[in-house]
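Summary of the model geometry
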Amino acid sequence: MLEYVNSVFMMYLRSAPSSAVQVTAVGSSLGVSAAPCRPERERPPALLAGAQLKMATGVLHRVCGGLGRAKSRAQSAEQLVVWTRKEIRIRSCCRSIPVIKRNQYQVFVSPARCVFVFRGLATSGSRNREDSWFKSLFVRKVDPRKDAHSNLLTKNEESNLYKIQFHNVKPECLDAYNKLCEDVLPSIHADKYYPCELVGTWNTWYGEQDQAVHLWRYRGGYPALTEVMNKLKQNKEFTAYRKERGKMLMSRRNQLLLEFSFWNEPVPREGPNIYELRSYQLRPGTMIEWGNYWARAIGYRQHNKEAVGGFFSQIGNLYMVHHLWAYKDLKSREDTRNGAWQQEGWDEVVYYTVPLIQHMDSRIMIPTKASPLQ
């Protein structure tokens, strides 16, 4: 943290080498004041990018906000802990210099070689207050919440859990794999004994090749998932299916998902359609912000009924969002996506959501014969 402050203040001060900043730290307070100074030698001005200078200026202004309080406390406590190098050389001859070196941090903040020192007090409580005050300059405060993000984003009146499976199939086994799934998966979907539904099953057309994608819904949440898993262990047909399937796969992975409250629940569709699964890896802590923007954005993408479902991960790769879209063909996809840019407000949504994304990819998928989404 202190190295960061050092770099920020140096950026600011190098942009104005003719001035200096005097910084005082008293107890748990801190003050900053600008004052003329005669540097030992002039430094050539450094050229800073506009963004860097703006950031440094912003940090300095935030620190300067406590000047009045710091001054009054400094006068009452009489514990000034900022010296120039000349003053430090004088003090090095007395006993006060060990105090400077112990429990303190030094950051050079001016061309005049002033020293910015945080003085650690004897009591741990005062030190904690000082650390807390200093950290508050750079850490954005978070509003306290009484509920998990998942409860704020999903449909509270319904407790649906989704599982998405990605199976990477050996290229020579893809047809046999599809035939095996067509024989087994629809029977599980239709059997009321299992509280689950097959939402869709696809082969990837563009994206990862020789890949099968399955999407399941469990009405009743995690208890329904556990119930299905326990019942399938007793199903000999499913056990044989898993054993035979294992011979055809190179790898597989899955995620447990919840659906966004502002998206439609996926329902069976008549075909023929192609489906696009767009997956976004978000930056941690940005899911609420993403949901806020897309709650408005989904209205721009309903005109051709292309929106199928929107989900976010709970187990597996976290902060992962999946949007599922349906189009008649690739040309229809292009026209629909281009049409969204003609709607006022869509460009703003894209502008503010793109910085939230760490990674994204897209799959164009073809539904198999067993898929309720055709």
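Residues numbered from 1 in each chain as written. Predicted model: local features only at pLDDT ≥ 70, side-chain atom pairs only at ≥ 80, totals over all residues. Heavy atoms only, no water.

Considering the overall build of the protein chain
Selection criterion: In this text, helices come from DSSP runs of H or I with a minimum length of four residues, and strands from runs of E with a minimum of two, each type numbered from the N-terminal end. Only protein chains enter the calculation, and the probe is 1.4 Å; a residue is then buried if its accessible area is under 20% of its type maximum, exposed if over 50%, and partly exposed in between. Working rule for contacts: check all heavy atoms of both residues, and any pair within 4.5 Å makes them a contact. Areas reported as accessible are Shrake-Rupley estimates using a 1.4 Å probe. Residue values count occlusion only from the protein chains shown.
Tallying secondary structure elements over the protein chain gives 13 helices and twelve strands in all. By the burial criterion, 44% of the 374 residues in the protein chain qualify as buried. Taking all contacts inside the protein chain whose residues are at least 6 apart in sequence as the whole, residues at least 24 apart take part in 80%. For the protein chain, the accessible surface area stands at approximately 21,000 Å², while carbon and sulfur atoms represent 52% of it.

Quick word on the packing of helix H11 (residues 287-297) against helix H13 (residues 346-353)
Quick note on the threshold: Between the N-to-C directions of two axes lies an angle of 0 to 180 degrees, each axis being a line fitted to C-alpha atoms and, for a helix, fitted only over the stretch in contact. Each angle gets one of four labels, with under 35 degrees taken as roughly parallel, over 145 as roughly antiparallel, 65 to 115 as roughly perpendicular, and the rest as oblique. A crossing counts as left-handed when the near helix is turned anticlockwise from the far one by less than a right angle, and as right-handed when that turn is clockwise. Classification used: nonpolar for Ala, Val, Leu, Ile, Met, Phe, Trp, Tyr, Cys and Pro, charged for Asp, Glu, Lys and Arg, polar for all others including Gly.
At a minimum axis distance of 10 Å, the contact between H11 and H13 shows a crossing angle of 165°. Taken together, the axis directions place H11 and H13 in an arrangement best described as roughly antiparallel. Of the two elements, H11 crosses H13, and the hand of that crossing is left-handed. For the pair formed by H11 and H13, the contact residues are Trp290, Tyr293, Trp294, Arg296 and Ala297 on the first element and Trp346, Glu348, Val349, Tyr352 and Thr353 on the second. Among the residues forming the contact of H11 with H13, the class breakdown is seven nonpolar, one polar and two charged.

Considering the sheet that holds strand E10 (residues 307-315)
In plain terms, the rule: Two strands pair under a simple rule: DSSP has to find at least two bridges between them.
The eight strands are arranged E5-E7-E6-E12-E9-E11-E10-E8 in a closed barrel whose pairing can be described as antiparallel. Across this sheet, the average inter-strand angle for adjacent strands is 35°, counted without regard to direction. The pairing of E10 with strand E11 (residues 320-327) spans five bridges and is classified as antiparallel. Residue pairing for E11: phenylalanine 312 is matched across the bridge by valine 321. The strands touched by helix H9 (residues 222-233) are strand E5 (160-169), strand E6 (196-206), strand E7 (211-219), strand E8 (249-259) and E10; relative to E7, the strand with the most contacts, the crossing angle is about 115°.

Considerations on the layout of surface pockets
Our working definition: With a 1 Å grid laid over protein atoms only, a set of points is called a cavity when a 1.4 Å probe fits there but cannot get out and a pocket when it is open yet has protein on both sides within 12 Å along at least five of seven lines; lining residues have an atom within 4 Å of a point. Grid points are joined across faces, edges and corners, and a volume is the space filled by probe spheres set on the points.
Estimates place the volume of the largest pocket at around 440 Å³. The wall of the largest pocket is formed by 21 residues, among which Lys163, Gln165, Leu232, Phe238 and Arg242 lie closest to the centre. For the lining of the largest pocket, the secondary structure elements donating two or more residues are E5, helix H8 (174-190), E7, H9, helix H10 (236-246) and E8. Here the lining of the largest pocket is built from residues that sort into twelve nonpolar, four polar and five charged.

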